[in-house]
Amino acid sequence: MRPQPLICASDVEATSRWYQKLLGCQSAHGGPNYERLVSQGKLILQLHKWEVEHDHGAIGNPNLKPYGNGVLLWFEIDDFDAAVARAEAMGVEVVLPRHRNPPEAEGDGGPNHWEYWLRDPNGYVVVLASPDGSADGSWRPG
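All values reported here derive from a predicted model rather than from experimental measurement.

## Some points on the side chain of S16
By secondary structure assignment, the location of S16 is in helix α1 (residues 12-23). For S16, a relative accessible area of 3% corresponds to the buried category. Setting aside residues up to four positions removed in sequence, S16 forms contacts with E35, L37 and L47.

## Regarding the packing of α1 against helix α2 (residues 80-90)
Interhelical geometry of α1 versus α2 gives an angle of 135 degrees and a closest axis separation of 8 Å. Comparing the axis directions of α1 and α2 gives the class oblique. Contacts from W18, K21, L22 and L23 in α1 reach A83, R86, A87 and M90 in α2. Residue classes in the contact of α1 with α2 are distributed as 6 nonpolar, no polar and 2 charged.

## Notes on the sheet that holds strand β4 (residues 42-49)
Working definition: the strands of a sheet are paired by backbone hydrogen bonds and lie parallel or antiparallel to each other. Here we have 4 strands laid out as an open sheet, ordered β1-β4-β3-β2, and mixed in their pairing. Whereas interior strands pair on both sides, the edge strands pair on one side only; in this sheet they are β1 (6-9) and β2 (26-27). Relative to β4, β1 runs parallel, the two being bridged by 4 bridges. Its bridge partner being in β4, C8 is matched across the sheet by H48.

## Remarks on α1
For α1, spanning 12 residues, the distance from its first C-alpha to its last is 16 Å, which sits close to the expected 16 Å at 1.5 Å a residue. Within α1 the residues assigned to the buried category are V12, T15, S16, W18, Y19, L22 and L23. All buried residues of α1 fall inside an arc of 160 degrees around its axis, so they share one side. Relative to its buried face, α1 has exposed residues pointing more than 90 degrees away, namely R17 and K21.

## Section: the pattern of salt bridges
As enumerated under the stated definition, the model contains 4 salt bridges in all. Ionic pairing is found between D79 and R86, a salt bridge with its closest N-O pair at 3.0 Å. You can call R86 partly exposed: its relative accessible area is 23%. One salt bridge in this structure joins E93 and R119, with 3.5 Å as the shortest N-O distance. One end of the pair, E93, is in strand β6 (residues 93-101); the other, R119, is in strand β7 (residues 113-119), with 26 residues separating them in the sequence. Given a relative accessible area of 47%, E93 falls into the partly exposed group. Using a relative accessible area of 27% as the deciding quantity, one classes R119 as partly exposed.

Quick notes on the rules
Residues numbered from 1 in each chain as written. Predicted model: local features only at pLDDT ≥ 70, side-chain atom pairs only at ≥ 80, totals over all residues. Heavy atoms only, no water. Helix = DSSP H or I, 4+ residues; strand = E, 2+ residues; numbered from the N terminus. Buried < 20%, exposed > 50% of the residue type's maximum accessible area, 1.4 Å probe, protein only. Contact = heavy atoms within 4.5 Å. Axes fitted to C-alpha atoms, helices over the stretch in contact; angles between N-to-C directions. Parallel < 35°, antiparallel > 145°, perpendicular 65-115°, else oblique. Nonpolar A, V, L, I, M, F, W, Y, C, P; charged D, E, K, R; others polar. Pairing = 2+ DSSP bridges. Expected span 1.5 Å × (residues − 1). Arc of directions from axis to C-beta. Salt bridge = Lys/Arg side-chain N within 4 Å of Asp/Glu carboxyl O.

Below, the structure is given as structure tokens:
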């Protein structure tokens, strides 16, 4: 099983470019109404224009905000430091700056990774996370 998250956007093409720049992913569909973003050939995120119903009807109501209340778009990425640098160069809105989870090096389990929380152009909260176990400095990409 693999998750295939889909979010609505007012400008699918601009949102696609934003995620491609942030995550280093690629377009696998393109267009103003729907997009599939992939990384290493695997689907990581779908984008859908709010007002387009296709054959399934409306997906959501663009007037209900905040978008994604209670949902985080969470991406584990091998190039965490580079992604944070890309985010900062893009001038993203930071929700929580880079921090370790759990906060203490000898924390009670937890992922032992770095996180950086930000907001996408549509208002969704996005979390960049290094791989589990990488916050102690010994982890290397496989």
